[in-house]
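Structural overview
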Amino acid sequence: MSFSIVGDARPNSFEFETEALIKPSGFREYDARWWFGHPGSAQRPELNLIGVQALGMGLGTLIRRLGAGPDIVTGHDFRSYSLSIKLALVSGLMAAGARVRDIGLALSPMAYFAQFALDTPSVAMVTASHNENGWTGVKMGAARPLTFGPEEMSALKAIVLAGDFDLVGGGSYDFIRDFRATYLDDLTRDKRIARKLKVVAACGNGTAGAFAPQALQRIGCEVIALDVELDHTFPRYNPNPEDMRMLHAIRDKVLASGADIGLGFDGDGDRCGVVDNEGNEIFADKVGVMLARDISSQHPNSTFVVDVKSTGLFHTDAMLRANGAVTDYWKTGHSYIKRRVAELGAVAGFEKSGHIFFNPPIGRGYDDGLVTAIAICLMLDRSPGSSMADLYRALPLTFGTPTMSPHCADEVKYGVVERVVADFQTMKRDGMVFAGQKIADLITVNGVRVVADDGTWGLVRASSNKPELVVVVESPVSSQRRREMFEAVDAVLRRSPEVGAYNQTF
């Protein structure tokens, strides 16, 4: 098999139909993402179907070399091209001797659940999650409930780009019918609320529209559907609960309907966003604090894991301290947090992006937006005298930002972050004033989180799945201090001309 590695094969050409196109940068830290394109797109594809087949050959080779055996679950999200990509992947997997169990149209957590329910060690879920239409990708794992980390992704990249396949043959294909019903039954078994909750379920026309309303109705919620019709053009906005357009649409529906809460789900259903009954968008890290309060009240001395983008309240909240809760700040990324939760035996792990991981007795260790939504409804059921807005107001006030992402090419973004980290380390070493104060702490487990004396902090890291940086700021003091920190962090970023415009600010 020959390869066009850097995009030489143009669409509608002989080369595009006969050579494997697979851009190396699509192998990311803990999953794979490529621009596949769609009709009318002017952007050059980074992947073709022969490249997807090569990826399947590589993945089938890798899971055997890892000792996981040949059995693997596959599924795909609702995009116009996802089924064809999955079938190309399956053909490659089978050539490498994989025994494929295909659950069809699915959420990512439904595929993770299938690893347990079908007793199948490995998974390959075709999804671009919340990325814009035209993107595709694969979330993979070979040791449930974990997904691949950098080591496995580097090994997969090396196998595929070198064509180092073990094409042993003997593969098989088994389509699992009606697995959606099995998944929904498991989600809602023994979970019922006594409180009458009116819930907006917003799905951005993504895959979750075929799952979320039914799951919430089964536990006793009155569901007000918002953009639940499957439409892979995403006519209103991307299904991304960090996107303010989606959050504002949920807010408007909550206020118009008098709902108790609004819940928004991303394109592959592993994340959940929240709007309270007064229309306030609650960032996922604050939702995490609320859930951690509820969980630690039932399970004292709980351990939690949170990513470095998350609020400082996990360390400072008086109720968490009184309940003996311990929190570990770790690298951003669903694979990293998932692994850390497993390593520490934590009850739960929280990411600001909305990935939440529950270990038993709540979940199985993987991220599932519907498990999160049900946990939030059960939290409200245990607080019958409080609205979601009341629970939000009970948290200490902080002034945070949404996740903001300035463009930065995949090939240079990690180098830019290295320079930013070095700049902050120099400033701290020299005792320089930054954003009006001395630097009290630098957390460099993932990019850099610079903390001022008053607790105001700013984070810069490289996005793991898009050509972007990630910037988040929070102040426990004032919105003015939040602004000062953002402007100071942005000034450091602007020393690098490779850093482009933000997708959103505040």
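Residues numbered from 1 in each chain as written. Predicted model: local features only at pLDDT ≥ 70, side-chain atom pairs only at ≥ 80, totals over all residues. Heavy atoms only, no water.

1. Observations regarding the overall build of the chain
The criterion, for reference: By definition, any uninterrupted DSSP run of H or I lasting at least four residues is a helix, any uninterrupted run of E lasting at least two residues is a strand, and each is numbered from the N terminus. Values of the radius of gyration come from C-alpha atoms, whereas the globule rule sets the reference at 2.2 Å times the count of residues to the power 0.38. Buried means the residue's accessible area, taken with a 1.4 Å probe over protein chains only, is under 20% of the maximum for its type, while exposed means over 50%, and partly exposed covers the values in between. Contact definition: two residues touch when any of their heavy atoms are within 4.5 Å. For every accessible area listed, the method is Shrake-Rupley and the probe measures 1.4 Å; residues are considered covered only by the protein chains on display.
Scanning the chain from N- to C-terminus turns up 16 helices and 23 strands. Computed over the C-alpha atoms, the radius of gyration of the chain is 22 Å, within 12% of the 23 Å expected from 2.2 N^0.38 for a compact globule of 506 residues. Buried residues in the chain amount to 62% of all 506 residues. The long-range fraction of contacts in the chain, counting pairs at least 24 apart against all pairs at least 6 apart in sequence, stands at 69%. Carbon and sulfur atoms make up 50% of the accessible area of the chain, which totals about 18,200 Å².

2. Considerations on unusual backbone geometry
Of the consecutive residues Arg144 and Pro145, the connecting peptide bond is found in the cis state with omega at 5°. In this model, Pro360 is joined to Pro361 through a cis peptide bond whose omega is 15°. When you line up the elements, Pro361 lands in the loop between β17 (356-358) and α13 (369-381). One non-glycine residue, Asn12, adopts positive backbone phi at about 60°. With respect to the helices and strands, Asn12 occurs in the loop between β1 (3-4) and α1 (14-18). In this structure Asn12 comes out as exposed when scored by relative accessible area, which is 81%. Residue Phe234 is not a glycine yet carries a positive backbone phi of 45°. Take Phe234: it is sitting in the loop between β10 (222-226) and α8 (244-257).

3. Considerations on the sheet that holds strand β13 (residues 281-282)
Quick reminder of the rule: A pair of strands is labelled paired if DSSP reports no fewer than 2 bridges between them.
Pairing within the open sheet is mixed, and its five strands lie in the order β10-β9-β11-β12-β13. The open sheet has two free edges, formed respectively by β10 and β13, since each of these has just one partner strand. Where strand β9 (residues 198-202) lies against strand β11 (residues 261-265), four bridges are found, and the strand directions are parallel. Within β11, the position partnered with Val199 by the bridge is Ile261.

4. Thoughts on the environment of Thr505
Note on placement: Thr505 falls in the segment after α16 (479-493). Taking relative accessible area as the criterion, Thr505 reaches 43% and is therefore assigned partly exposed. The sequence separation of Thr505 and Thr401 amounts to 104 residues, and the corresponding C-alpha distance is 7.7 Å. Excluding residues that lie within four positions of it along the chain, Thr505 makes contacts with Pro402, Met404 and Phe486.

5. What about the pattern of salt bridges?
Where we set the bar: By definition, a salt bridge exists where a carboxyl oxygen of Asp or Glu is found within 4 Å of a side-chain nitrogen of Lys or Arg.
In total, this model carries 40 salt bridges according to the counting rule given. Between Arg382 and Asp294 there is a salt bridge, with its nearest N and O atoms 2.6 Å apart. With Arg382 in the loop between α13 and α14 (388-393) and Asp294 in helix α9 (residues 284-298), this residue pair connects regions lying 88 residues apart in the sequence. Ionic pairing is found between Asp410 and Lys413, a salt bridge with its closest N-O pair at 2.8 Å. Residue Asp410 and its partner Lys413 are both found in helix α15 (residues 410-429); the two are separated by three residues, about one turn of the helix. Its relative accessible area of 13% is what places Asp410 among the buried residues.

6. Some words on the packing of α15 against α16
What counts here: Lines fitted to C-alpha atoms define the axes, with helix axes restricted to the stretch in contact, and inter-axis angles between N-to-C directions lie between 0 and 180 degrees. Note on angle classes: values under 35 degrees are labelled roughly parallel, values over 145 roughly antiparallel, values of 65 to 115 roughly perpendicular, and the remainder oblique. Crossing handedness is defined as follows: a turn of the near helix away from the far one that is anticlockwise and smaller than a right angle gives a left-handed crossing, while the clockwise case is right-handed.
It is at 10 Å that the axes of α15 and α16 come closest, and there the two elements cross at 120°. Here α15 lies oblique to α16, going by the angle between them. With respect to the hand of their crossing, α15 and α16 are arranged in right-handed fashion. Taken together, the residues of α16 that come into contact with α15 (itself represented by Val420, Asp423, Phe424 and Met427) are Val489, Val492 and Leu493.

7. What about the nonpolar core?
The line we're drawing: Buried Ala, Val, Leu, Ile, Met, Phe, Trp, Tyr and Cys residues form a nonpolar core when they are joined through side-chain atoms within 4.5 Å.
Grouped together as the largest cluster of nonpolar side chains are 70 residues, with contacts concentrated most on Ile103 and Leu263. Per element, the largest residue contribution to this core is 10 residues, and it comes from α13. Sequence-distant contacts of Leu263, defined by excluding residues within four places in its chain, comprise Val199, Val200, Ala201, Ala202, Leu216, Ile250, Cys272, Gly273, Val274, Ala373, Ile376 and Cys377. Residues Trp34, Ile72, Ala98 and Leu156 belong to the second largest nonpolar core, which totals 34 residues.

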